[in-house]
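Structural description and commentary
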Amino acid sequence: MWEIFKDWIFNSIQFFANIVGDWGLAIVIVTLIFRAILAPIMHTQIKSSYKMQKVQPLMTEIQEKFANDPTRMQEEMQKLYAESKFNPLAGCLPMLLQMPIFIAMFQSLREMGERDIDGTLSFYGLVNDLIMSPSVAFSQGFFAFLPYLILMLVFAFATFLPMILQTLKGDSKQRSTMLMTGVIMSVMMLWISWSTPAGVLLFWGTSSIVGIVQQQITNSLLRKADAKAEAEAPIKPVSVSVERKVKKKRPTKKR
């Protein structure tokens, strides 16, 4: 079943390659189609992350307040989730659903060199060989390696840029931690991309860029919706309770 799914992905890329006359562009087109199919799932995931960012300060406050009472902490957390309509698992499920598609796409592109293909697997002459990895291209000189270097950088930084953009609006402690994590993970991705075929880098880079655009659009719409809800919320009149003090009778002096 898994092999059939991978064959279907390859046949889809080959179909568009025959139409547009370029394998690299065909990979981009199939990637965009997959991202369009996964757009509703990604919307749910981004929405969950947005809500998580809003309730994070309250969660931190509860954790600090009831650090010595785990039972009470759990009760308060559940109450917070119910009041804010936030489900911590909502962001994990979309990720699990989309992973099989990305894994199949990844494996199909890695195995492309083992298939019977007519013509050159290139991306409009910018990337001469989509099967070649940056490590191999490096041995052919700087100018041959340059397009692969660009794909490596896009692959590495675009993967974690959405996470970094999301945390920039958090508190300073969380921001510095996440930025450091993003830097470390980006370096790791550069190391992974060194021996990864260019076709895979093109697919993942395109997918990550589309994900960044969708994240920014979705977050912008959510912020506008919050601002509109706050503007339309009825303003409660300030009630001031004034208690009149009863004057005490002054004691009369005895003569």
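For the structure, see preceding data.
Residues numbered from 1 in each chain as written. Predicted model: local features only at pLDDT ≥ 70, side-chain atom pairs only at ≥ 80, totals over all residues. Heavy atoms only, no water.

With respect to the overall build of the protein
Filter applied, for reference: Secondary structure elements are taken from DSSP: a helix is a run of H or I of four residues or more, a strand is a run of E of two residues or more, and numbering for both begins at the N terminus. Per-residue accessibility, obtained with a 1.4 Å probe over protein chains only, is compared with the maximum for each type, and a residue is labelled buried under 20%, exposed over 50%, and partly exposed between these values. Every residue pair with non-hydrogen atoms within 4.5 Å of one another is taken to be in contact.
Helix and strand counts for the protein come out as 8 helices and 0 strands. Walking the protein from its N terminus toward its C terminus, one meets helices and strands in the order α-α-α-α-α-α-α-α. For the protein, the proportion of its 255 residues judged to be buried stands at 35%. Contacts spanning at least 24 positions in sequence make up 73% of the contacts within the protein whose residues lie at least 6 apart.

What to know about helix H1 (residues 2-20)
Let me state the cut-off plainly: Take the residue count of a helix, subtract one, and multiply by 1.5 Å to get its expected span. The arc in question is the one traced by the directions running from the helix axis out to the C-beta atoms.
Here H1 is 19 residues long and its end C-alpha atoms lie 28 Å apart, about the 27 Å a rise of 1.5 Å per residue gives. Considered for burial, the residues of H1 that qualify are Lys6, Ile9, Phe10, Ser12, Ile13 and Ala17. With its buried residues spanning 150° around the axis, H1 presents them on a single face. Those residues of H1 that are exposed and angled more than 90 degrees off the buried face are Ile4, Asn18 and Ile19. Two residues or fewer after H1 comes Gly21, characterised by a positive phi angle close to 75°.

Digging into the nonpolar core
Formally: For the purposes of this section, nonpolar cores are sets of buried Ala, Val, Leu, Ile, Met, Phe, Trp, Tyr and Cys residues that join through side-chain atoms within 4.5 Å.
Residues Ile13, Trp23, Met105, Leu109, Met112 and Leu130 are the most contacted members of the largest nonpolar core, which totals 38 residues. For this core, the elements supplying multiple residues, two or more each, are H1, helix H2 (23-65), helix H4 (92-110), helix H6 (142-167) and helix H8 (198-232). Once you skip the residues sitting within four places of it in the chain, Leu130 turns out to touch Trp23, Gly24, Ile27, Leu121, Ser122, Phe123, Pro197, Ala198, Gly199 and Leu202. With 8 residues, the next largest nonpolar core counts Val55, Ile62, Leu80 and Tyr81 among its residues.

Quick word on the packing of H2 against helix H3 (residues 70-84)
Where we set the bar: Between the N-to-C directions of two axes lies an angle of 0 to 180 degrees, each axis being a line fitted to C-alpha atoms and, for a helix, fitted only over the stretch in contact. For this classification, under 35 degrees means roughly parallel, over 145 means roughly antiparallel, 65 to 115 means roughly perpendicular, and everything else is oblique. In this scheme the crossing of two helices becomes right-handed for a clockwise turn of the near helix relative to the far one and left-handed for an anticlockwise turn of less than a right angle. Three classes are used: nonpolar for Ala, Val, Leu, Ile, Met, Phe, Trp, Tyr, Cys and Pro, charged for Asp, Glu, Lys and Arg, and polar for all others, with Gly counted as polar.
Where H2 meets H3, the axes come as close as 10 Å, and the angle between the chain directions of the two elements is 160°. Judged by the inter-axis angle, H2 sits roughly antiparallel to H3. Helix-helix and strand crossings are classified by hand; for H2 and H3 the assignment is right-handed. For the pair formed by H2 and H3, the contact residues are Val55, Leu58, Met59, Ile62 and Gln63 on the first element and Met73, Glu76, Met77, Leu80, Tyr81 and Ser84 on the second. Grouping the amino acids of the contact of H2 with H3 by side-chain chemistry returns 8 nonpolar, 2 polar and 1 charged.

Description of the pattern of salt bridges
For the record, the criterion: Take a side-chain nitrogen of Lys or Arg and a carboxyl oxygen of Asp or Glu: if they are within 4 Å of each other, that pair is a salt bridge.
Scanning all chains against the criterion turns up 4 salt bridges. Close ionic contact of Glu76 with Arg72 constitutes a salt bridge, the shortest N to O distance being 3.0 Å. One end of the pair is Glu76 and the other is Arg72, both in helix H3 and 4 residues apart, which spans about a single turn. With relative accessibility at 14%, the residue Glu76 sits in the buried group. A relative accessible area of 35% places Arg72 in the partly exposed class.

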